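What follows is the residue order along each chain.
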Amino acid sequence: MLQLKSRINTTASALKAKAANANDNRVRTVCHQGQLEKWPHSLHSLDRFSNSSTYAYLLQECIQKRNLSKGRLVHAHMNSNKEFKPDISLLNILLNMYAKCGNIEDARNVFDEIPQRNVVSWSTLIAAYARDGYAEEALQLFNEMQRAGVKPNQFTFTSVIRACTHLGILIDIHKEIIHRGLQSHVFVGSSLIDMYAKFGCIENARDVFEKMPHRNMVSWNTIIAGYAQNGCVEEALELFQEMPERNVVSWTAMIAGFMQNGDDAGALELFRQMQLSGYARNGHIEGANELFLKMPKRNVVSWTVMIEGYAQNGLVGEASRLFQEMPERNVVSWNVIIGGYVQNGYREDAFKSFQQMQGSGVKPNSKTFAIVLSACGNLAAPEHGKQVHEVIIRNALESDVSVNIALLDMYAKCRSIENARTVFDRLPKENLDSWNAMIAGYAQNGHFDEALRLFQSIPKRTMISWTTMIAGYAQNGHVDDALKLFQKIPEKNVVSWNVMIAGYSQNGYSEEALKLYQQMKFARVKSNSKTFVIVLSGCADLAAPVHGKQIHEEIIRSGFHYDVVVQNALIDMYSKCGYLENARILFDTMALSDIVSWNAMIAGYAQNGHIDEALELFQKMPERDVVSWTVMISGYAQKGNLDEALKLFQNIPDRNIVSWNAMIAGYANNGHIDEALKLFEKMPERNVVSWTLIIAGYAQSGHGMEALKHFHKMQLTGVQPNPQTFVVAIPVCANLATLEQGKQIHESIIRCGFECNVFLSSALVDMYAKCGSLVSACNVFDRIPKKGVVTWNAMIIGYAMHGCGKEALQLFEQMENSGIKPDHVTFLGILSACCHSGLVNDGRMYFNSMIQYYHITPSMSHYGCMVDLFARAGHLSEAEDFIIQMPVQPDATVWGCLLAACGVHKNIGLGERAAEHIFQLEPTNATPYVLLSNIYAAAGRCDDIQKVRKIMKDRRIRKNPGCSWIEVNKQVHAFVMGDRSNPQAQTITSDLERLSGQNPYSNCMVCA
C-alpha cells in the first residue's frame, strides 16, 4: 500500500512538472514572438501548475515593453493560483515591473508584502523613488534598510547619491561608501563626482576622479561637465584633451562650458573640432582633411583627431607624417600614434615611438603603458616587455592597478606565466579584473587546472569570470568543457551566449553554433549586434544562405538592420554564399556605409572570381585603406593574375605587414615559391604569419625539407611559432617520415606552452603514427586530458595504418562510451582498419551502422574502403557487385582498388574491366596502365605488356619517377629514380650492386 502511494505521489509530481514545463514553453514561444498582446487571453490557458519561470518570463516582457496593464494581469494570475508560492527572486521582478512602469504605489505594496527582503528588494525601490523624484522617501527607505541590517551594494549607493543631489543635501555618504569598500565601482565614483560638482565642491570631485582605479566615458564626461558648470573651463579643457576617447556628450559639455563663459569663438572652434572628429572616425578622411586645412586655428586636439583618423583608416604613413609636423604634442598625441602603429601591425614602430616619447620629455601615463604592453604581448616579445616594466617602475606606476593588469596580460601572452602570477599576487585581492586576467592567462596557455582552481577561488564570480573560462576552453579546442561550464552559469546574459556561440563557430562547429543561437532565442535572451555578426559568420562558413536569410529577417525585426557592423556582416555572408546580387543591393541601399562596407563588397566580388566588378568598385572608393589594396591583391592572386597583383602591391601608398603577407601568399598559393621567397627576404619586418606562409608555401609545393629548414630559421631569429605554424610543420614531418625532426617540433610545442591544444596534439598523434612510432602516438594520445573527435580519429587511423584492426575497433568503442559522436573521418579510419586486418564482416557491419544509425552519407572514400576491404580478402565478385550497386558514379580510385587486388589475386578478366573504367575516367593517369602491365607480366603475357606500353607511348603517358628518402643523423636524404646528384651516389650504387649480387632472385627477368 505504501509503495502504491509512493508511486501515485511520484506520478502526480511528474504530471505537475510536465504541466509546468508546457506552460513555460508556451510563454517562451509567445514572448519570443513578441506577441504579448495575445495575453490576457492566453493567461486563462495557463493552469495551476505554472512555475516561477513562467511568470518571470511574462513579467520581464512587461518590463521591456513598459506594459503596466499586462503586468497587473500577470500579478492577478499569480494571486489566483493558490498552489503557487512566489520566491524572493520572482517578487523582486514583480517589484521591478511596477517600479519601471512608473507605478510607485503598487511597487511599495509589493515591497511591503515581501516576507524576507534582500538587497535587491531594497535597492529596487530606493532606485524607483530616486528616479521618480521622491528623494526624501528614497533616503528614508535607505535608513530603514540599514536598521534592518541589510548591507547596501553599489547600486543602492548610486540611487542614494542621486537622491542627495536632488535634495541638495551633502550628507556624509562618501565615508559610508569607503567603509563598505565600494569606492572602486565606476558607477559609484561617477555619481559621487556628479554630486560634488553640483554642490560646487569641484576639488572633492577631482579627488574622487583621481582615485578611481577604472574610469569610463561617463566618469570623464561627468568631471569635465562639473568643471565647465563651475566656470573652470581651462581645467575642463585640459581634461578634455587628455581623454582617451570622446563622444558627443564630451564635446557638448565643453561647448556648453565655453558658451556659459561667453567665449563664443572658443565654442565655435570646438564645434569645428567635433565635426573634424566625426569625419575622421567615420572614415571620411578627405572631408576631415579639407576641414582640418581650413581651420583658422589648430590646437593639439585637432592635430590629434586628424592623426587618429588616418591611423584608424590604415593610413599609417599619413598619420606618421602629420605627427612629425605637430608643433606641440601631449601624452594623448603620443598614445594615438603608438596605438595607431599597434592597430595596423607596426608593433616594432610602436615600441620605437615609445622610446622616442621618453626622450621628448612627455611622461607616459597608464594608457601609454597599456598600449605598449599590448604590442609586446602581441609580438610575444618578453624582452621588450621587461624593458617597459622597468620604465613603469621608474615612473612610480608599479602600484597602478590598470598598469599591473596590462603587465599581467603581457607576460601571459609571452608565455611567461610565472611572471604573470608574480604580478597577480601583488595586486589587491578584491580587484576582480586582476583575477579575470590571471584566469585568462592560465587558460590561454593551456593551464586549465590552475585556471579552474583560480576560478573556484575568486571572491565573486562575475559574467566576465565565467566567459573568460569558457573562452579559454574554446580557444584551445575544448568545446565540450566550455559547454559544460556555460550550462552552469546561474543567469546567462547575451554576452555569455555570444561567447559560447563564438566558441563553436571558431572551432568549425558552425551547425552547433546556429543550434545554440536557436536555444538562446528560445531562452528569450535578446540578441545584440555581436550575436548577429557571429551567427552570420557561421552561415557564411556553412554556405547556408537559407539560414542567413532567416537571420536577416530577424535582424530587421530586432531593429539592427541600420547597424553598419551588422550590415557589413550581412554583405560578407551573402558574398560567401555566392549571393552577390543580395550583397550588392544591401550595399547600395546602406544609409551610411564605411570603408569596411566597401572592402566587404569588393572582397565578395574578388572571392567569387568577379575581379572586374571588384576593380570597378575599388576605383570608385571615396577612400582606401591597406585592407582595400590587400583584398584586390588577394583577388588577382586567386585568379592567378600575379602581374596585376604585383602592380597593385607596388602602388600601395602605405604597405604594412598584412599587404606583404598577402602578396607572399599569392605567390605561394600559385606555386611560385621562389618569387614568394624573394619577396619574403625583402620584407622590412616579418611576423609569425610571414614565416608560416613561407613554410606552408614550401610544404604545398612538395619541398618538405625546405619547409623544415625555414621553420628552424624562424626559431633562430627569435620569432615564436604559433599553433598555425605547428599545424603546417607537423604534417611535413609526417609526410617525410622524419621522426627526429618531429620529436624536435614536439619539444618546441611543449616549450611554447601549446601541449594542451587539441588540434596540435591530434596532429602529433598522426605524425608519430606515420613515422612508424605507434608507441609515441599512444603516449601523446593517453596524455591528452580532453579528447575531441579529431583526437580519437587520429589514433584510430594510426592503429589502422599499422594493421592493428582490433585495437582500432576497441578504441572506437571507448570513443562511443565517452560520449563523443563519430563523424565521417572516424568511419574512414574504422573501415581502413578492417581492410588492413581482413575483418570483412566487421567492416560490413560498421559501414551499415554509419548509414543507418549515425545517418552519415558515405563519401567516395568510404566506398573505396569497402571495395578495398572485399578485394584484399579475395571477394572480388562481391567487390565488383558493390561498385555496380553504388548510388553514385564510382571514381577512378574505387576502380583502382579493385584493379590492384586483381593483380594480387591474378584475376586478369576483372582487372581488364576495372582498368577500362579507369582509362575512361582518367585517360592520362599512368597508374592503371602500370598495374595492368604488372598483371600481364605475372601471367607471362608479354604481348599484352607491349600493347599497354604502346598505348602509353601513343598517348604520351609517362610514369612519374619513384622517390624515396631516409633520415640519417637528423638529416633527410631524398633519392629519385635516375638522379645521381647525391654526393655519395657512387658508394651507394656499388653497395646496391653488392647486395643485388647476394639476392637469389636478382637474375629473374620479367617479360620485356
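Residues numbered from 1 in each chain as written. Predicted model: local features only at pLDDT ≥ 70, side-chain atom pairs only at ≥ 80, totals over all residues. Heavy atoms only, no water.

(A) Looking closely at the overall build of the protein. When helices and strands are counted, the protein shows 57 helices and two strands. Residue burial in the protein is summarised as follows: out of 1008 residues, 50% are buried. Carbon and sulfur atoms provide 51% of the accessible area of the protein, an area that totals close to 49100 Å². (Helix = DSSP H or I, 4+ residues; strand = E, 2+ residues; numbered from the N terminus. Buried < 20%, exposed > 50% of the residue type's maximum accessible area, 1.4 Å probe, protein only. Areas by Shrake-Rupley, 256 points an atom, 1.4 Å probe, with all protein chains shown as cover.)

(B) Broad picture of the pattern of salt bridges. According to the stated counting rule, one finds 22 salt bridges in the structure shown. A salt bridge links lysine 576 to aspartate 572, with the nearest nitrogen and oxygen atoms 3.4 Å apart. Of the two residues, lysine 576 and aspartate 572 are both situated in helix H33 (residues 564-576); the distance of four residues between them amounts to about one turn of the helix. Taking the relative accessible area as the measure of exposure, lysine 576 reaches 41% and is therefore partly exposed. Aspartate 868 serves as the salt-bridge partner of arginine 872, at 3.1 Å between the closest nitrogen and oxygen. (Salt bridge = Lys/Arg side-chain N within 4 Å of Asp/Glu carboxyl O.)

(C) Just the side chain of serine 575, in detail. Relative to the assigned elements, serine 575 resides in helix H33. Serine 575 gets classed as buried once you look at its relative accessible area, which sits at 1%. Side-chain polar atoms of serine 575 contact the backbone oxygen of isoleucine 571, separated by 2.8 Å. Ignoring sequence-local partners within four residues, the contact set of serine 575 consists of Leu580, Ala583, Ala600, Met601, Gly604 and Asn608. (Polar contact = N/O pair within 3.5 Å; in protein donor to acceptor, adjacent residues only side chain to side chain. Contact = heavy atoms within 4.5 Å.)

(D) Broad picture of a negative patch on the surface. A surface patch of like charges, here negative, comprises Glu234, Glu235, Glu238 and Glu242. Assignment of secondary structure puts glutamate 234 in helix H13 (residues 233-242). (Patch = residues over 30% accessible without salt bridge, like charges linked within 9 Å, V, L, I, M, F, W, Y side chains within 5 Å. Lys, Arg positive; Asp, Glu negative; His and termini not counted. Charge placed at Lys NZ, Arg CZ, Asp CG, Glu CD.)

(E) Quick peek at the packing of aromatic side chains. The final tally for this structure, using the stated rule, is 28 aromatic pairs. When the ring of phenylalanine 111 is compared with that of tryptophan 122, the centres are 5.0 Å apart and the planes differ by 80 degrees; the resulting orientation is edge-to-face. Of the two residues, phenylalanine 111 sits in helix H5 (residues 104-113) while tryptophan 122 sits in helix H6 (residues 119-131), which places them 11 residues apart along the sequence. Taking 5.1 Å as the distance between ring centres and 85 degrees as the angle between the ring planes, the aromatic pair formed by phenylalanine 587 and tryptophan 598 counts as edge-to-face. Remark: tryptophan 598 occurs in helix H35 (residues 595-607) and phenylalanine 587 occurs in helix H34 (residues 580-588); sequence separation between them is 11 residues. Pair check on accessibility: phenylalanine 587 and tryptophan 598 agree, each one buried. An aromatic cluster of at least three residues, connected via ring pairs, comprises Phe812, Phe827, Tyr846, Tyr853 and Tyr854. Above the ring of phenylalanine 486, the side-chain terminus of lysine 492 is found at 5.3 Å from the ring centroid. A cation over an aromatic ring shows up here: arginine 686 above the ring of phenylalanine 680, its NZ or CZ 4.4 Å from the ring centre. (Phe/Tyr/Trp six-rings, centres within 6.5 Å; stacked < 30°, edge-to-face > 60°. Lys NZ or Arg CZ within 6 Å of the ring centre and 35° of its normal.)

(F) Broad picture of helix H37 (residues 626-638). Relative to the 18 Å expected for 13 residues at 1.5 Å per residue, H37 spans 18 Å between its end C-alpha atoms, a close match to the ideal helical length. Along H37, the residues that are buried comprise Val626, Ser628, Trp629, Thr630, Val631, Met632, Ile633, Gly635, Tyr636 and Ala637. Structurally, H37 contributes buried residues whose contacts are with H35, helix H36 (611-620), helix H38 (642-651) and helix H39 (657-669). In the stretch just after H37, glycine 640 is the one whose phi turns positive, near 85 degrees. (Expected span 1.5 Å × (residues − 1).)

(G) Quick peek at the environment of leucine 91. Relative to the assigned elements, leucine 91 resides in helix H4 (residues 88-100). Its relative accessible area of 14% is what places leucine 91 among the buried residues. The residues contacting leucine 91, other than those within four sequence positions of it, are Pro86, Val110, Ile114 and Pro115.

(H) Up close: the environment of tyrosine 579. Along the chain, tyrosine 579 turns up in the loop between H33 and H34. Each C-alpha atom, one on tyrosine 579 and one on glycine 604, is 9.2 Å from the other, the two residues being 25 residues apart in sequence. With sequence-adjacent residues up to four places away left out, tyrosine 579 is seen in contact with Pro545, Lys549 and Tyr574.

(I) Layout of unusual backbone geometry. With phi around 55 degrees, arginine 66 is a residue other than glycine that occupies positive phi space. Structurally, arginine 66 is set in the loop between helix H2 (52-65) and helix H3 (68-80). One non-glycine residue, alanine 543, lies in positive phi territory at about 50 degrees. Its place among the elements puts alanine 543 in the loop between helix H31 (529-542) and helix H32 (545-558).

(J) Spotlight on helix H18 (residues 316-325). Those residues of H18 that sit buried are Val316, Ala319, Ser320, Leu322 and Phe323. The arc that holds every buried residue of H18, seen down its axis, measures 165 degrees, which confines them to one face. (Arc of directions from axis to C-beta.)

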